[in-house]
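Take a look at the letters that make up each chain.
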Amino acid sequence: MPHGGDRSVKFGVLQFPGSCDERDALLACAKVADAELLWHGDRDLKGADAIVVPGGFSYGDYLRAGAIARFSPVMESVIEFAHDGGLVLGICNGFQVLCEAGLLPGALLPNVERRFVCRQVDLEVVDAETAFTNRCAPGELLSIPAKHQTGRFYAPDLDPDLVVLRYATGHCFNGSQDEIAGVRNAAGNVFGLMPHPEHAVDPLTGSVDGLSIFSSMAHAGVAV
Amino acid sequence: MDVVSTRVRVLIRPKEGILDPQGKAVERVLPALGFQGVANVHVGRLVELDVNDVSQVGPMCEKLLANTLIEEYSILTPEAEETSPDVGPDAPRG
């Protein structure tokens, strides 16, 4: 895929049956680096320096959101990649997949109001020193769309240092614990969030705030 | 020798203490339909399966069928009921 960013970093964007945001994620990645789709049945990560697990309804969300995708062949490689320190971003359903895989703490429960909600939300950058937010300022507000029915983050005994993004006051519609919107693993190389930065990378759709997540990863990828 | 399979039912429900909006919605609507005296409604799911080896169902629950961070499960066979390790069949549910 043609790109407008750093040529030395390559993103791999997973594609499951039922994914629906992988194209937007691919376009977002391509604005900052090289990017390629990776099919769920293929174990080869094709030399990717960073992985994006996109939104959608992988395997129809059967059983539980992310429960089946977590055992797909490509995820075996992603889990190994993450354990070796590789950067992995999970968005929405991708966040659910990473929690099911045990790469991130916690789980996502049905929204407190049970309804599917689609709206623009403000996210506060709690930690601007991660591989996913190094292009943000501490306390900065990112305007990013959220669209999900199963996004109530729940993680008993969570280490507060792992919180990267929080919904701004009045913006947490799903009932997430401590209004947490995005969380990382202890090693700092895996990050997940329910809102969709890949849908906020072009002025045409109202906000380009999501781009900083991808440019942060590209920056961190160069540093590695 | 023929392999004899056993019909097993796995009941999966939200863990105690975790807000269950589906259960709450059902609980709220029942009195409106004239059913009084209903409390602690929880909505879960049922997995039915025929297995040759019943002892595999516990590991299946732990690995795939349930997420034990947020859910508890009961395995019902024609002979017995086995529940998630941390939950007894008669444990009070909030």
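Remember, predicted model here, so these are calculated numbers, not experimental data.

The rules behind these values
Residues numbered from 1 in each chain as written. Chains lettered and ligands numbered in written order. Predicted model: local features only at pLDDT ≥ 70, side-chain atom pairs only at ≥ 80, totals over all residues. Heavy atoms only, no water. Buried < 20%, exposed > 50% of the residue type's maximum accessible area, 1.4 Å probe, protein only. Helix = DSSP H or I, 4+ residues; strand = E, 2+ residues; numbered from the N terminus. Arc of directions from axis to C-beta. Contact = heavy atoms within 4.5 Å. Buried area = accessible area lost by both parts, 1.4 Å probe. Salt bridge = Lys/Arg side-chain N within 4 Å of Asp/Glu carboxyl O. Polar contact = N/O pair within 3.5 Å; in protein donor to acceptor, adjacent residues only side chain to side chain. Nonpolar A, V, L, I, M, F, W, Y, C, P; charged D, E, K, R; others polar. Phe/Tyr/Trp six-rings, centres within 6.5 Å; stacked < 30°, edge-to-face > 60°. Lys NZ or Arg CZ within 6 Å of the ring centre and 35° of its normal.

A. Broad picture of helix α2 (residues 57–65) of chain B. All names here are of chain B. Every buried residue of α2 is accounted for by V57, G58, C61 and L65. Within α2, the buried residues cover an arc of 115 degrees as seen down the axis, which keeps them to one side. Projecting away from the buried face of α2 at angles above 90 degrees are the exposed residues P59 and K63. Check the buried side of α2 and you find it contacts β1 (6–14), β2 (45–51) and β3 (71–76).

B. Just the interface of chain B and chain A, in detail. With 14 residues of chain B at the contact, the number on the chain A side is 15 residues. Counting the surface lost from both chain B and chain A, the interface buries some 1300 Å², and carbon and sulfur atoms represent 71% of this. When the buried surface of chain B facing chain A is broken down by residue, P21, L64 and L69 of chain B rank first, second and third, together holding 36% of it. Applying the counting rule to chain B against chain A returns one salt bridge. The salt bridge involving E71 of chain B is made with R64 of chain A; its shortest N-O contact spans 3.8 Å. At the surface where chain B touches chain A, the tally comes to four residue pairs in polar contact (both at pLDDT 80 or more). Its residues placed into classes, the side of chain B that touches chain A shows nine nonpolar, two polar and three charged.

C. Representation of the packing of aromatic side chains within the structure. Residue and element names in this part refer to chain A. A complete count under the given rule lists four aromatic pairs over all chains for this structure. Centre to centre, the rings of F95 and F153 are 5.8 Å apart; their planes meet at 25 degrees, and the pair counts as stacked. Of this pair, F95 sits in helix α3 (residues 93–100) while F153 sits in strand β8 (residues 152–154); the two residues are 58 residues apart in sequence, bridging distant segments of the chain. Since its relative accessible area comes to 2%, F153 is described here as buried. Seen from the ring of F71, R70 lies directly overhead, with NZ or CZ sitting 4.0 Å from the centre.

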